[in-house]
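So you can see what is in the structure, the chains are spelled out below.
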Amino acid sequence: MRLPGVTLFFAFLFSSIQLVCAQTEAERQNRAVFNRIEYFFNTQQTDSIYQLANEKFKEQISQTKLSNILDQLYSLGKIQSADRTGFTEGIATYTLDFETTTLDLQLGVDTNFRYGLFLIQPHQSTEQDELPVEHEPAMKDSVISNVDTKSELDLYVDSVARHYARNERVHSLSVAIIHQNKINTFFYGETQPGNNQLPDANTSYEIGSITKTFTATLLADLVNKGRLRLDESIATYLPDSLAQNPNIKAITFQMLANHTSGLPRLASNWNTGADFQKDNPYAHYTREDLFTYLVQFEPENEPGTTYEYSNLGFGLLGELLSILENKPYMQLISEHILTPLEMTNTTDQLLESEDNLAPPYDQDGQAVPFWKFQALAGAGSLSSTLNDLLRYSIAQLTYPETDVQKSMHLTKQFTFFVPPNSDIGLGWHMTMIDGVIAYYHTGATSGSNCFIGFVPDEKSVVILLSNSTAELDEMGSMMLERVLRTD
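Residues numbered from 1 in each chain as written. Predicted model: local features only at pLDDT ≥ 70, side-chain atom pairs only at ≥ 80, totals over all residues. Heavy atoms only, no water.

### Topic: unusual backbone geometry
Move 1: Of note, the phi angle at Phe113 is positive, near 60 degrees, even though the residue is not glycine.
Move 2: On the secondary structure map, Phe113 appears in the loop between β3 (102–109) and β4 (115–122).
Move 3: If you check the backbone angles, Asn196 has positive phi at about 55 degrees while not being a glycine.
Move 4: In this structure, Asn196 sits in the loop between β7 (182–189) and β8 (205–206).
Move 5: Asn196 sits in the exposed class, given a relative accessible area of 56%. (Helix = DSSP H or I, 4+ residues; strand = E, 2+ residues; numbered from the N terminus. Buried < 20%, exposed > 50% of the residue type's maximum accessible area, 1.4 Å probe, protein only.)

Written as structure tokens, this is what we have:
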């Protein structure tokens, strides 16, 4: 079906994101914006849809013009279903089933969660429509599991988790739920293909960017102990060659911890060294490399004004805390967090010879190395287990009495609004679910995914760990909402 005047295309620019897992993060951002557009469309909130556009889009199309186009689309009825059928060079294609027809939407989203490309077209029906697409992978007939379902909530979690675990790209999945002061765990699949070994609560997984919440907690602990201030310039603790850069002077510790420093996702020299390895991309990157980049750093956005997720920023934060305390990053994490919480299986040095591991596997099912880190350790170096992360999450729920609990409390204080519908404290992202604040973070490497979400007011927790590239954020969010809505 063709709708006169509906096809809409405006040019936009995307900055190049040099990151092995950049596409995964870009896909998440794109989907988050699409979900908002779908909701606003089905409730005919044209103004809200327009406010999600970036400035370049708004310069080329007025709100009135977009309103006229959307009015034509509203006549088709609500979006009944939406499947993402492609993602290329930062642009996602969604096939939209309306009450009366099917159309395609191409959506381009920038790192500030604003769309700059919004293209509605007639649905391109081809023979490929009958083939499995990226979001519908081949499924296993069954998976081995260790599950005890005693309630409707347990049955729901098992159903959703089992569907994920049947994905051919998934090898194992570990789940922990805390609801009404009860902990239940769910285990699926094999830690390695063909070994017939289920994961358990002490199986080690890479946790990727969830490491950032540990780095933020370490920062908060040093702040509470008077070692530094959140509003203090990071230049104080850097060599003179860096401290003289006015762009560095403008960055505070809080800006590093809430992704508003102006630093990009990664430095331009992160993958240029002779020792760079694509399957272990951070192992070679040293403090010297980091400082070489920072000497000439110039931000695209003024520090403190714009949210831009930055692995570089958290890597720098970890290095600064190490410089301040004159101790290695991992030693600080152990002394300030792991030892007080008795987290004995969280580390940055997993050995492949260890018995109870869930080694990472890429999207083709091939084993990939555990990532190693030098200067960017604070951004994603840790591995952990379900038991350790339960200790970590339970400490987030308690009234702050100990030092580590007080530092966790500080990380959960609001510091910045993150479009389109969440906030950030120090490390943790925050959103409202049914009138209560939920805190969450995801993590991903080239072969692992994880999710932690918790609601202190309800003493509720969801933890997911997988040694695959299949994302967990949507499933984690669904489970957390279901936990909160279960009496």
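### Things to note about the packing of aromatic side chains
Move 1: All told, the structure shown has 18 aromatic pairs when counted by the stated rule.
Move 2: Aromatic rings pair up to connect Phe214, Tyr392, Trp428, Tyr439 and Phe454 into one cluster.
Move 3: Over the ring of Tyr156 we find Arg482, and its NZ or CZ is 4.2 Å from the ring centre. (Phe/Tyr/Trp six-rings, centres within 6.5 Å; stacked < 30°, edge-to-face > 60°. Lys NZ or Arg CZ within 6 Å of the ring centre and 35° of its normal.)

### Some words on the pairing of strand β2 (residues 91–98)
On a regular strand, each side chain points to the face opposite its neighbour's, so the side chains alternate between the two faces of the sheet.
Move 1: For β2, the buried fraction is high: six of the eight residues fall into the buried class.
Move 2: Direction of pairing for strand β1 (residues 79–88) relative to β2: antiparallel, over a ladder of eight bridges. Bridge assignment links Gly86 to a residue of β2, and that residue is Thr93.
Move 3: Connecting β1 to the antiparallel partner β2 that follows it, the hairpin turn spans two residues, and Glu89 within it adopts a positive phi of roughly 50 degrees.
Move 4: By the bridge criterion, seven bridges tie β2 to β3 in an arrangement that is antiparallel. Note that in β3 the partner of Asp97 across the bridge is Thr102. (Pairing = 2+ DSSP bridges.)

### A closer look at the sheet that holds β3
Move 1: The sheet built from four strands is open, its strands ordered β1-β2-β3-β4 with antiparallel pairing. Unpaired on one side and paired on the other, β1 and β4 mark the two borders of the sheet. For this sheet, the mean angle separating the axes of adjacent strands, direction not counted, is 20 degrees. (Axes fitted to C-alpha atoms, helices over the stretch in contact; angles between N-to-C directions.)

### Comments concerning the pattern of salt bridges
Move 1: Throughout the structure, instances matching the rule amount to 13 salt bridges.
Move 2: A salt bridge links Lys225 to Asp221; the shortest N-O distance between them is 3.0 Å.
Move 3: One salt bridge connects Asp403 with Lys225, and the closest N-O pair in it is separated by 3.9 Å. Of the two residues, Asp403 sits in helix α15 (residues 403–411) while Lys225 sits in the loop between α6 (211–224) and α7 (240–243), which places them 178 residues apart along the sequence.
Move 4: Here the salt bridges do not stand alone but share partners, grouping Asp221, Lys225 and Asp403 into one network. (Salt bridge = Lys/Arg side-chain N within 4 Å of Asp/Glu carboxyl O.)

That is the geometry; function is a separate question.
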